[in-house]
Amino acid sequence: MGPFEMVVAIVLITAIAGVMRARYKAGIIEDENGVERRIVDPDAGRMREEIKQLKERIAVLERIATDKGNRLEQEIEALRDSTHS
């Protein structure tokens, strides 16, 4: 095997390893029959539920901030009205 063939072999092996690594990171593997299957992360359900709860909390905080902002605005307007009268 000459130097050119050696370089081609190394590049080919590296490319194949990169493709396999990318597939593994994406959660796709082949079983013994050559059928592609997606790996299921056992923490995925828990993480989805936690994200859902966090989104609900953010919505509540936004509502609180908005309500307090409206009240503050009303108080400022009331003060302006009382000073102009």
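This is a predicted model, so every value here is computed, not measured.

Draft legend 1. The arrangement of the overall build of the protein chain in detail. If you tally the helices and strands in the protein chain, you get 2 helices and 2 strands. Expressed as a percentage of the 85 residues in the protein chain, the buried residues total 4%. When the accessible area of the protein chain is evaluated, it comes to approximately 8000 Å², of which 61% is carbon and sulfur surface.

Draft legend 2. Representation of the pattern of salt bridges in the model. Considering all chains together, one arrives at 2 salt bridges under this definition. Between Glu-50 and Arg-46 there is a salt bridge; the shortest N-O distance is 3.4 Å. You can see Glu-50 and its partner Arg-46 sitting in helix α2 (residues 44–84), 4 residues apart, about one turn around the helix. Arg-80 serves as the salt-bridge partner of Glu-77, at 2.9 Å between the closest nitrogen and oxygen.

Draft legend 3. Highlighting helix α1 (residues 3–25). Taking 1.5 Å per residue, 23 residues should reach 33 Å; α1 reaches 33 Å between its end C-alpha atoms and fits that length. Little of α1 is tucked away, with 0 of its 23 residues classed as buried. In the stretch just after α1, Gly-27 is the one whose phi turns positive, near 85°.

Draft legend 4. Geometry of a nonpolar patch on the surface. On the surface, Met-1, Met-6 and Ile-10 cluster together into a nonpolar patch covering about 370 Å² of accessible area. Here Met-1 shows up in the segment before α1.

Draft legend 5. View of the confidence of the model for the protein chain. Taken over all residues, the pLDDT of the protein chain has a mean of 81, while the share at 70 or more is 88%. Within the protein chain, no element has a lower average pLDDT than strand β1 (residues 28–30), which sits at 69, and none a higher one than α1, at 87.

Reading the values: the criteria
- Residues numbered from 1 in each chain as written.
- Predicted model: local features only at pLDDT ≥ 70, side-chain atom pairs only at ≥ 80, totals over all residues.
- Heavy atoms only, no water.
- Helix = DSSP H or I, 4+ residues; strand = E, 2+ residues; numbered from the N terminus.
- Buried < 20%, exposed > 50% of the residue type's maximum accessible area, 1.4 Å probe, protein only.
- Areas by Shrake-Rupley, 256 points an atom, 1.4 Å probe, with all protein chains shown as cover.
- Salt bridge = Lys/Arg side-chain N within 4 Å of Asp/Glu carboxyl O.
- Expected span 1.5 Å × (residues − 1).
- Patch = residues over 30% accessible without salt bridge, like charges linked within 9 Å, V, L, I, M, F, W, Y side chains within 5 Å.
- pLDDT = per-residue confidence, 0-100.

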